[in-house]
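The primary structure of each chain is shown beneath.
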Amino acid sequence: MGALKALVIGMGVLIVAGTVTLVVLLVQRAGGGLGAGGRWELALEAPEGTRIAGVAAAGEAVAVLLQRPEGERVVLVDPKRGQVVGEIRPGR
């Protein structure tokens, strides 16, 4: 009877451990590809005097409003890869 009780407790622990592992993996995969630290860095190449005027979510990208000496522009960054994927400049 003791062996059966130990077997049932052991299987219960395995079920709980498996469920916790499944939940952790689902949360990690749903969160995107930011890696272990959950953050990324990107150095935008810009001329002297450029400043970041704003940041906003834009669908799957992050829009960064830059104020440059020659005018404003919006740079689109893919947060999953940490790369610039586009740039929007006002027409003249």
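See the structure printed just above.
Cut-offs used in this document
Residues numbered from 1 in each chain as written. Predicted model: local features only at pLDDT ≥ 70, side-chain atom pairs only at ≥ 80, totals over all residues. Heavy atoms only, no water. Helix = DSSP H or I, 4+ residues; strand = E, 2+ residues; numbered from the N terminus. Buried < 20%, exposed > 50% of the residue type's maximum accessible area, 1.4 Å probe, protein only. Contact = heavy atoms within 4.5 Å. Pairing = 2+ DSSP bridges. Axes fitted to C-alpha atoms, helices over the stretch in contact; angles between N-to-C directions. Salt bridge = Lys/Arg side-chain N within 4 Å of Asp/Glu carboxyl O.

(A) Layout of the overall build of the chain. Summing up its helical and strand segments, the chain has 1 helix and 4 strands in all. The helix and strand sequence of the chain, counted from the amino end, reads α-β-β-β-β. Scored against the burial criterion, the 92 residues of the chain give a buried share of 12%. Put simply, 12% of the contacts in the chain that link residues at least 6 apart link residues at least 24 apart.

(B) Structural view of the environment of Val 55. Structurally, Val 55 can be placed in strand β1 (residues 51-58). C-alpha separation for the pair Val 55 and Leu 76, spaced 21 residues apart in sequence, amounts to 9.8 Å. Those residues in contact with Val 55 that sit more than four places away from it in its chain are Val 62, Ala 63 and Val 64.

(C) Focus on the sheet that holds β1. With antiparallel pairing, 4 strands are arranged side by side in an open sheet as β1-β2-β3-β4. Each edge of the open sheet is held by one strand with a lone partner, namely β1 and β4 (83-88). Neighbour-to-neighbour, the strand axes of this sheet turn through a mean angle of 25 degrees, independent of strand direction. Across 7 bridges, the pairing between strand β2 (residues 61-68) and strand β3 (residues 71-78) is antiparallel. Looking across to β3, one finds that Gln 67 is bridged to Glu 72.

(D) Up close: the pattern of salt bridges. Counted under the stated rule, the structure contains 6 salt bridges. Among the ionic pairs, Asp 78 bridges to Arg 81, the shortest N-O distance being 3.0 Å. Exposure remark for Asp 78: the relative accessible area of 15% places this residue in the buried category. Take Arg 81: its relative accessible area is 53%, and that puts it in the exposed class.

(E) Looking closely at the pairing of β2. With 7 bridges connecting them, β1 and β2 associate as antiparallel partners. Looking at β2, one finds that Arg 51 is bridged to Gln 67. Linking β1 to β2, which pair antiparallel, is a turn of 2 residues; within it Gly 59 sits at a positive phi near 70 degrees.

Nothing here speaks to function; it is geometry throughout.
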